[in-house]
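Examination of the molecular architecture
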Amino acid sequence: MIPALDLHACTVTAWHATPDMALRLAIAASLLAMGVWAGTRRFFPGQTSFVAMSLATMAWIVASVTEHAAADLACKTTVGMLGWLPVMLQPALWSLFICQYLAADPRSPRWAVRLPWGAAITLQIALCWTNGAHGLFYGPGTGLTAPIAGLPRVRYDYGPLFYVAVATGYTLLTVTMLSTRRPRAGPHTKPRGALG
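Reading the values: the criteria
- Residues numbered from 1 in each chain as written.
- Predicted model: local features only at pLDDT ≥ 70, side-chain atom pairs only at ≥ 80, totals over all residues.
- Heavy atoms only, no water.
- Phe/Tyr/Trp six-rings, centres within 6.5 Å; stacked < 30°, edge-to-face > 60°.
- Buried < 20%, exposed > 50% of the residue type's maximum accessible area, 1.4 Å probe, protein only.
- Disulfide = S-S within 2.5 Å.
- Helix = DSSP H or I, 4+ residues; strand = E, 2+ residues; numbered from the N terminus.
- Axes fitted to C-alpha atoms, helices over the stretch in contact; angles between N-to-C directions.
- Parallel < 35°, antiparallel > 145°, perpendicular 65-115°, else oblique.
- Left-handed = near helix turned anticlockwise from the far one by under 90°.
- Contact = heavy atoms within 4.5 Å.
- Nonpolar A, V, L, I, M, F, W, Y, C, P; charged D, E, K, R; others polar.
- Core = buried A, V, L, I, M, F, W, Y, C linked by side-chain atoms within 4.5 Å.
- Expected span 1.5 Å × (residues − 1).
- Arc of directions from axis to C-beta.

**Considering the packing of aromatic side chains**
The final tally for this structure, using the stated rule, is 15 aromatic pairs. Between F137 and Y138, the ring centres sit 5.3 Å apart and the planes meet at 85 degrees, which makes this aromatic pair edge-to-face. Judged on exposure class, the residue F137 and its partner Y138 are both buried. An aromatic cluster of at least three residues, connected via ring pairs, comprises W84, F137, Y138, Y156, Y158, F162 and Y163.

In structure tokens form, the structure reads like this:
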């Protein structure tokens, strides 16, 4: 079966409570609370990006809980594919927050940097959501495994676009982390050659 978006499947599937559901939902609620708390604080550089990142991470966890709770393969894969929106947004928002916070400039990084990443992420989400037409994100080998803890699980047949999406997210995080190693001018740093 090549997974395709099938929202109807989620209206007819059976639902199960998973052993880790309470813990995951508590983490999601904590992320929601952190996002709300950060959004109500006095302004800081990258505030909007931080709040959005917290909410995207929360949505990622909720999608994961929902996929595990669904019994039907079509619903599981639909939720899994819809979950790629927060999965792809999370590293992009984290990167944006770090750049804005370290630069103390809410407009940083510039559009020339943001646009290519945004276009790549948008394209990959669109390709994931249209997987039923090409099967390059999740292939025909996708199916249910033997139950784990009494619940059905999905074994995804990862296609090349899956690996491109994963590489995009990790590359963005790596570039961001490496950029934090650059010296930054600020009130506690002296220009090179300054005395005293």
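**Re the state of the cysteines**
Summed over all chains, the structure comprises 1 disulfide. The disulfide partner of C10 is C75, and the S-S distance across this bridge is 2.2 Å. With the S-S dihedral at roughly 105 degrees, the linkage between C10 and C75 falls on the right-handed side. Here the residue C10 occupies a position in helix α1 (residues 9-12), and C75 occupies one in helix α4 (residues 73-82), the gap between them amounting to 65 residues. With relative accessibility at 0%, the residue C75 sits in the buried group.

**Concerning the packing of helix α5 (residues 84-103) against helix α8 (residues 160-179)**
Here α5 crosses α8 at 15 degrees, and the two axes come no closer than 9 Å. Between α5 and α8, the interaxial angle falls into the category roughly parallel. Like other packed secondary-structure pairs, α5 and α8 cross with a definite hand, here left-handed. Within the contact between the two elements, α5 uses W84, M88, P91, A92, W94, S95 and I98 and α8 uses F162, A165, V166, T168, G169, L172, L173, T176 and M177. The class makeup of the residues in the contact of α5 with α8 is 12 nonpolar, 4 polar and no charged.

**Some remarks on the nonpolar core**
Soluble, globular proteins show a tendency: their nonpolar side chains are buried together. Grouped together as the largest cluster of nonpolar side chains are 16 residues, with contacts concentrated most on W84, M88, F137 and Y138. Every element with two or more residues in this core is listed here: α4, α5, α6 (111-129) and α8. Top contributing element to this core by residue count: α8, with 4 residues. One finds F50, V51, M53 and L93 within the second-largest nonpolar core, a separate group that totals 9 residues.

**Things to note about α8**
Taking 1.5 Å of rise per residue, the 20 residues of α8 would be expected to cover 28 Å, and the 28 Å separating its terminal C-alpha atoms lies within 8% of that figure. Residues of α8 that are buried: L161, F162, A165, T168, G169, L172, T176 and S179. Each buried residue of α8 sits inside an arc of 150 degrees when the element is viewed along its axis, so together they form one side. Pointing more than 90 degrees away from the buried face of α8 are the exposed residues P160, Y170 and L178.

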